[in-house]
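Each chain, written out:
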Amino acid sequence: MKIIRTTSAMADWSRCLHREGVTIGFVPTMGALHEGHRALIRAARLACDAVVVSIFVNPTQFGPSEDLTKYPRQLRLDQALCRREGVDVIFAPTVETMYPAGAQTVVTVPRIACRWEGHARPHHFQGVATVVTKLLSLVQPDKTWFGQKDYQQAALVQQLVKDLNLPGHPIVHPTVRESDGLALSSRNIYLSRSERQAAPVLYRALQAGAGAIRAGERNGPRIQRHMARVAAAEPLASVDYLAVCDPTTLDPLSTLHRRAVLLGALRIGKVRLLDNLLISVRRTT
Ligand code: PAF
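Residues numbered from 1 in each chain as written. Predicted model: local features only at pLDDT ≥ 70, side-chain atom pairs only at ≥ 80, totals over all residues. Heavy atoms only, no water.

Visitor: I would appreciate a short explanation of the overall build of the protein chain in the present structure.
Guide: Scanning the protein chain for helices and strands turns up 11 helices and nine strands. Whereas a compact globule of 285 residues would reach a radius of gyration of roughly 19 Å, the protein chain reaches 19 Å, a difference of no more than 12%. When the backbone C-alpha atoms are referred to their principal axes, the protein chain occupies close to 55 × 45 × 40 Å. Taken over 285 residues, the protein chain has a buried fraction of 52%. Within the structure as shown, the protein chain displays about 14,100 Å² of accessible surface, and the carbon and sulfur contribution to it stands at 51%. (Helix = DSSP H or I, 4+ residues; strand = E, 2+ residues; numbered from the N terminus. Rg over C-alpha atoms; globule rule 2.2 N^0.38 Å. Buried < 20%, exposed > 50% of the residue type's maximum accessible area, 1.4 Å probe, protein only. Areas by Shrake-Rupley, 256 points an atom, 1.4 Å probe, with all protein chains shown as cover.)

Written out as structure tokens, the structure reads:
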């Protein structure tokens, strides 16, 4: 397994492989790899000849009051996981390499970025869109894997790749969960024992919404209230949003027709948890 630190070496490596007809699968990450990332790497391994994992804690997607300096960094452990999974290249550039002095171009996907997570974290998605554009341009992957846990990010990347004709056809991989339903996230390690016990309330709230839909409810605000009631029963949780949305535009739905995504974000202690469920709506007769 190779560790590449510079943008030019990354681009050269990909160019050589493409010349030989090798397909490249890409898993962009900020490190602190867990079972969710492992699932993405395994999917990439199965689908492509070579696999690149990027490990870069991207400063431009963190707000001034967010946890950039405290974000878990564990390159050695991450390397060991990647080696075990047969990754070919870890791309781990420095901040100065990715954003040299004088860099000023940013990428925005305004409509998807403005709501939900974008509301709570105003510059977050501009940072994500900019770094993903740079990573895809450097790695030139055939396919790229994103976790469904960050649903809005995945929707934004799909739009970005389509709008800018970027390489690396995005594939969204189902969320990997703990046995009690908590979606895996690098930030879960910050939860205290009692907060960890409270955390699955987000999944339970989303499931309550899904249950209401299965029982025939098609009114968006009423489904939203079902979810809110479940979340409110957990005193450690403070809800940021629970929403019933169109899966592509992420606009809130007043009435459900075919498909919907239930989006949720809540805060437990200092940790912000995100989760979602994609729902196919069956016709009621
Ligand atoms: O999901 C993440 O880990 C990051 O947002 C990403 C896509 C690697 C961009 O920094």
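Visitor: Mind showing me how you'd approach the sheet that holds strand S4 (residues 89–91) here?
Guide: The strand order across the open sheet built from six strands is S1-S4-S3-S2-S5-S6, with neighbouring strands paired in parallel fashion. The open sheet is flanked by strand S1 (2–4) and strand S6 (169–173), the only strands paired with a single partner. Here the average twist between neighbouring strands, direction ignored, is 25°. (Pairing = 2+ DSSP bridges. Axes fitted to C-alpha atoms, helices over the stretch in contact; angles between N-to-C directions.)

Visitor: Looking at this structure, I do not really get the environment of Ile41. What am I missing?
Guide: Here Ile41 shows up in helix H2 (residues 35–47). The class of Ile41 is buried, set by a relative accessible area of 1%. C-alpha of Ile41 to C-alpha of Gly25: the two residues are 16 residues apart in sequence and 8.5 Å apart in space. Residue contacts for Ile41: discarding those within four places in its chain leaves Val27, Val51, Val53, Leu81, Cys82, Glu85 and Val87. (Contact = heavy atoms within 4.5 Å.)

Visitor: Sorry if this is basic, but what is going on with the site of the ligand here?
Guide: Inspection of the region around the ligand gives Pro28, Thr29, Met30, Asn58, Gln61, Val131 and Gln153 as its neighbouring residues. In this structure, an oxygen atom belonging to the ligand sits 2.6 Å away from a side-chain N or O atom of Gln61. In this structure, Gln153 approaches the ligand through a side-chain N or O atom, which is 2.6 Å from an oxygen atom. Burial of the ligand by the protein chains amounts to 89% of its free accessible area of 290 Å². For the shell around the ligand, a count of residues per class yields three nonpolar, four polar and no charged. (Near = heavy atom within 4 Å. Polar contact = N/O pair within 3.5 Å; in protein donor to acceptor, adjacent residues only side chain to side chain. Nonpolar A, V, L, I, M, F, W, Y, C, P; charged D, E, K, R; others polar.)

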